[in-house]
Amino acid sequence: MKMQAKGRQWPDLQGEMLDRGRDDAKWRDGRTAVYVFNAGEDIAEVQRQAYTAYMSENGLGPAAFPSLAQMEKEVVAMGLGLLHGPDGAVGAMTSGGTDSITMAIKAARDYARAERATDAQANIVLPRSAHLAFDKACHLMDIEVRRVPLRDDGSFQADVPAMALACDRDTIMMVGSAPNFPHGIIDPIEALSAHAVASNIWLHVDACVGGYFAPFARINGVPVPAFDFELPGVSSISADLHKYGYAAKGASTVLFRSDALYQHMPFDMAQWSGAPMKTPTLAGTRPGGAISSAWAVMNYLGVEGYCRLQVQVCETREKVARRVTELGFEVLGDPILGLIAFRHPEQHAYAIYGELYRRGWFTSVTKEPPSLHLMLSPKHADFIDEYLEDLALCLAAVASGKASPVKTSSLRYS
Ligand SMILES: Cc1ncc(COP(=O)(O)O)c(C=O)c1O
C-alpha cells in the first residue's frame, strides 16, 4: 500500500477507523476475557482524559517534565506501599509486564556479575507456569532458562524443592508468580523466599496480574498468602498497572527491595557523539500519557475503589466456579483472584472453546492441561450469565457430537 499523495480530512478518517473496528472482539459487551480490563465507562473516561493531557510529553526527560517525574514517583510509591516495600525500596514505571520482567532480570544479572565477578553462563530457575516474558528476556540476554515442572498434587503451584534442586552457583534469579497466567494460581512464595534467603539467590515475584489486585483482596478478607516484600527473600516484583490497576495500556511497575539492587537496572552511557543519557528502563522515549493515566486512575479509585472492583471480580469468579462445577467441569487448583481455568473430564476444552468463539466469545485457553481460561474484569459481572448460558449450550453441542471440529490455528493469539 502506498501513502496517499494528499492528506484526508479527520472526520472522514475517523469514520473509517471506527468502522475498521467493526469485526474486532466485542470487549465492551463483555465478550473478551483476555487483553482488555473493562472497569466501566467512568474509569475509561479518566484514562482517556488523563492520557491525552500528557500525550505529547516524554517521560525520558524528567528535567523537562518534572510533572511526569513526580507522577511516576508517586505511582511507584503507591505500588511500594501496597506491596510492603521496606524503607529504601525503589522502582520505576515501564511499558508493561514484559518490560518490567526484562529489566528485573537485567538488574539481577548485573548484580550477580558485580557481586560474584563471574563470567559463567548465568541461569534463571522458574516454574513451568511462569510467563513466557522470562524466556524472551533471557533469549535477549543469552541467559539459560531452567523451567521446572509444577507439583503433581493438583495445586498447579511451583514445586519449590524441585526448583531448589535446579539452582546452582550460576543461578541469578528464581521466579514465583502471584498469580501465574495459565491457572491463575499464586505460587508458594513464602517457601521460595526461604530458599532465596538460605541460598542468597535473587527472588523475583511476577505479580503482573496480582500486584494491584491481591492487596485489595486481602483488605477485603480474602486469605491471600504473603507474596510481596513482606517476605525477606523477595528482591524484586513486577506489577502491571494496565491490568488490574485499570490504567491505560503501556503502564507497569518494576520494584526493588533496595536502591542497591535497583542501581543495576538503569543504563548510563556517555561514549557516543550525543549527550550522555541515563535511561531507567528498556524504552528511550516513554509516553507521558501512560504515566499520567496511571497516576490519575490510581487517585481516582483510591483503596476504596479498588476494593469495590476486587469484590465485583471475585464474585464473578465464584459464580463461574459454581456453575462450571455444576456443568461437570473441574476448576484447576484453588484460584482466589481474577483468573480461573477449568477443564472437562470427557469433552475437550478446545472443542468447547471453538463453539464459544463461534458465538462471539473471545476468551483464552490453557494448554497444560487443556482448559478454558478467563481473566475477569469488573464489567464481566454484567455479562457472565450470558456467557454461562452459552457455555452450557456449547458443552452440550460438543457432547452430542454436533460441534464442528476446531481448527488449532484459531487457538493462536497473535
Ligand atoms: C503473569 C504475567 N506476567 C507477565 C505478563 C506480561 O505482561 P505484558 O503483556 O504487559 O507484557 C503477563 C501478561 O498477561 C502475565 O499474565
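All figures in this text were calculated on a predicted structure; none of them were measured in a lab. (Residues numbered from 1 in each chain as written. Predicted model: local features only at pLDDT ≥ 70, side-chain atom pairs only at ≥ 80, totals over all residues. Heavy atoms only, no water.)

Caption draft 1: Spatial organisation of the sheet that holds strand β2 (residues 123-127). Read from one edge to the other, the open sheet built from seven strands follows the order β1-β7-β6-β5-β4-β2-β3, with strand pairing classed as mixed. Either end of the sheet is taken by a strand with one partner, and the two such strands are β1 (90-94) and β3 (144-148). Taking the axes of each pair of neighbouring strands and ignoring which way they run, one obtains an average angle of 20° across the sheet. Relative to strand β5 (residues 203-206), strand β4 (residues 171-177) runs parallel, the two sharing four bridges. For G176, the partnering residue across the bridge sits in β5 and is V205. (Pairing = 2+ DSSP bridges. Helix = DSSP H or I, 4+ residues; strand = E, 2+ residues; numbered from the N terminus. Axes fitted to C-alpha atoms, helices over the stretch in contact; angles between N-to-C directions.)

Caption draft 2: Broad picture of the pattern of salt bridges. The tally for this structure, following the rule as stated, stands at 26 salt bridges. Across the pair D168 and R146 runs a salt bridge, and its minimum N-O distance is 3.0 Å. Of this pair, D168 sits in the loop between α6 (160-166) and β4 while R146 is found in strand β3, placing the two residues 22 residues apart along the sequence. With a closest N to O distance of 3.3 Å, R359 and D390 form a salt bridge. Taken together, the positions of R359 in the loop between α11 (349-358) and β12 (364-366) and D390 in helix α12 (residues 384-399) put the pair 31 residues apart, joining distant regions of the chain. Accessibility expressed as a relative area gives 39% for R359, which makes it partly exposed. In the salt-bridge network here, residues are joined through shared partners; they are R8, D12, E16 and R20. (Salt bridge = Lys/Arg side-chain N within 4 Å of Asp/Glu carboxyl O. Buried < 20%, exposed > 50% of the residue type's maximum accessible area, 1.4 Å probe, protein only.)

Caption draft 3: Main features of the site of the ligand. Inspection of the region around the ligand gives 13 residues, with G97, T98, D206, H242 and K243 positioned closest. Here an oxygen atom of the ligand sits 2.9 Å away from a polar atom, N or O, in the main chain of G97. Measuring from a nitrogen atom of the ligand, one finds a side-chain N or O atom of D206 at 2.6 Å. Calculation on the ligand without its partners gives an accessible area of 390 Å², and the protein chains cover 83% of this total. Considering each element in turn, the shell around the ligand owes the most residues, three residues, to helix α4 (residues 97-116). (Near = heavy atom within 4 Å. Polar contact = N/O pair within 3.5 Å; in protein donor to acceptor, adjacent residues only side chain to side chain. Areas by Shrake-Rupley, 256 points an atom, 1.4 Å probe, with all protein chains shown as cover.)

Caption draft 4: Broad picture of the nonpolar core. By size, the foremost hydrophobic cluster in this structure holds 92 residues, and its most contacted members are Y246, F342 and L391. When residues of this core are assigned to their parent elements, the largest contribution, 14 residues, is made by helix α10 (residues 288-326). Two domains each donate at least three residues to this core, and these are domain 1 (25-39 + 310-401) and domain 2 (47-298). Apart from the residues within four sequence positions on either side, L391 is in contact with V324, L327, F329, F342, I352, L356 and L372. (Core = buried A, V, L, I, M, F, W, Y, C linked by side-chain atoms within 4.5 Å. Domains from an automatic or database assignment. Contact = heavy atoms within 4.5 Å.)

Caption draft 5: Seen up close, the packing of aromatic side chains. Counted under the stated rule, the structure contains 13 aromatic pairs. On the numbers, 4.7 Å between centres and 55° between planes, the contact of F213 with Y244 is tilted. Linking F213 in the loop between β5 and α8 (214-219) with Y244 in the loop between β6 (234-240) and β7 (252-256), this pair joins segments that are 31 residues apart in sequence. Just as F213 is buried, Y244 falls in that class too. By way of ring pairs, the aromatic residues F37, F213, F216, Y244, Y246 and Y306 are connected into one cluster. (Phe/Tyr/Trp six-rings, centres within 6.5 Å; stacked < 30°, edge-to-face > 60°.)

Caption draft 6: Structural detail: the pairing of strand β13 (residues 371-375). Burial analysis of β13 places five of its five residues in the buried class, the great majority of the element. With burial as the criterion, each face of β13 is covered, one bearing S371, H373 and M375 and the other bearing L372 and L374. The antiparallel hairpin formed by β12 and β13 contains four residues in its connecting segment.

Caption draft 7: Broad picture of the packing of helix α3 (residues 66-82) against α10. Contact pair α3 / α10: the axes reach a minimum separation of 9 Å and the direction vectors enclose 50°. Here α3 lies oblique to α10, going by the angle between them. α3 and α10 meet at a crossing whose hand is left-handed. Counted together, L68, M71, E72, E74, V75 and M78 of α3 and G288, I291, S292, A294, W295, M298 and N299 of α10 form the full contact between these two elements. (Parallel < 35°, antiparallel > 145°, perpendicular 65-115°, else oblique. Left-handed = near helix turned anticlockwise from the far one by under 90°.)

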